[in-house]
Amino acid sequence: MDPSGPGIDWLDDIMAGQNLPKAQNRVAEVIIRNPQLASYAEIAEIAALAEVNNSSVVRAAQSLGFQGWPDLQRELRSRYLVKISTEDTLVQHGEHSSPLRAALTRDMENLRLTLEANAPEEVEAAIATLAAAKSILVLGHGSYAAPAGVMAHLGATMGYPITLESRGGVHLVTSTNTLGPGDVLVVINIWRSIGQMIAAAEAAHQAGATIIAISDMRRGRLATIAEHLLVVPSEGIAFFQSVTATTSVVYGLLAGMQAAHPERSRETIRRSQQLWKELDIHLD
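Residues numbered from 1 in each chain as written. Predicted model: local features only at pLDDT ≥ 70, side-chain atom pairs only at ≥ 80, totals over all residues. Heavy atoms only, no water.

Another aspect to go through is the sheet that holds strand β1 (residues 135-140). Sheets are built from strands paired through backbone hydrogen bonds, the pairs being either parallel or antiparallel. Strand order in the open sheet formed by five strands is β2-β1-β3-β4-β5, and the pairing between neighbours is parallel. One side of each edge strand has no neighbouring strand; the edge strands of this open sheet are β2 (162-165) and β5 (228-231). Neighbour-to-neighbour, the strand axes of the sheet open up by a mean angle of 15 degrees, direction not taken into account. Pairing analysis gives six bridges linking strand β3 (residues 183-189) to strand β4 (residues 210-215), with the strands arranged parallel. Considered in β4, the bridge of Val184 is made with Thr210. The strands touched by helix α10 (residues 145-157) within the sheet are β1, β2 and β3, with β2 carrying the most contacts at an inclination of about 160 degrees. Packed on one face of the sheet, helix α11 (residues 169-176) meets β1 and β2 and runs near 160 degrees to β1. (Pairing = 2+ DSSP bridges. Helix = DSSP H or I, 4+ residues; strand = E, 2+ residues; numbered from the N terminus. Axes fitted to C-alpha atoms, helices over the stretch in contact; angles between N-to-C directions. Contact = heavy atoms within 4.5 Å.)

Our next topic: the environment of Ser135. Looking at the element boundaries, Ser135 is found in strand β1. Once the C-alpha coordinates of Ser135 and Val184 are considered, the two residues, 49 residues apart in sequence, prove to be 6.2 Å apart. When sequence neighbours within four positions are dropped, the list of residues in contact with Ser135 reads Pro161, Leu179, Gly182, Asp183 and Val184. At 2.6 Å, the side chain of Ser135 and the side chain of Asp183 are in polar contact. (Polar contact = N/O pair within 3.5 Å; in protein donor to acceptor, adjacent residues only side chain to side chain.)

Dropping the structure here:
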């Protein structure tokens with residue numbers, strides 16, 4: 001494997017200034033030289049290549065700021081898939097005799113990894129921030145405009161001052177340039193980082209807004225400015241990423257937001273139901 005392949009620059013940045021023990025340093029060198037292999041190999045295979053025991057692999061991951069090998073490997077996998085072309089992603093995933101079964105199986109694994117990656121106290125802290133917000137703006141582009149739209153729609157249904165921005169350019173500028181102290185910006189950025197979205201989030205952060213990031217990467221520009229970071233594995237079975245784990249995290253946040261202001265939520269929902277009847281929205 002070419003040592004200049006996907007992932008090496010990122011890991012070099014993490015290791016800068018680190019003084020890892022020899023065994024852990026060998027683990028890092030194996031990962032740098034074999035980014036594709038490291039993104040899916042069993043821990044025993046990495047240990048064998050580095051000529052260390054499994055515990056050294058775990059400790060190396062922890063020394064680099066991750067919870068353990070699965071947490072680091074999830075990040076490696078996300079970054080590896082970002083670096084290869086969309087066509088190569090299809091080759092990586094191969095063909096499936098039962099696409100539906102493969103998709104559901106992959107999503108079940110993504111959901112399991114999401115549970116492991118996010119401590120309950122991290123989620124509760126994000127919910128508390130949302131519940132106390134003066135206003136909430138949710139950013140999501142492409143496929144991830146879908147869970148962003150769910151969050152904004154249901155949040156507003158509960159009476160929260162929450163809006164969605166799924167566009168870029170001048171629309172993104174207009175929606176974010178008034179954010180400041182007391183405001184919360186939720187940024188859903190999965191797979192490849194979207195430059196305009198990250199720059200807008202950095203500007204909002206500098207102006208005093210609180211950033212909640214939902215991302216498949218624990219490191220990077222967005223993670224650096226986020227007061228709350230929720231990690232969501234997003235690998236799919238074709239050339240596109242899966243939004244399932246992200247949507248489930250959004251539903252969890254919304255449930256917590258409802259519980260934080262139950263009376264307001266119930267009253268707003270009652271008014272909405274009455275308007276549905278008056279406007280004859282639903283057929284039944």
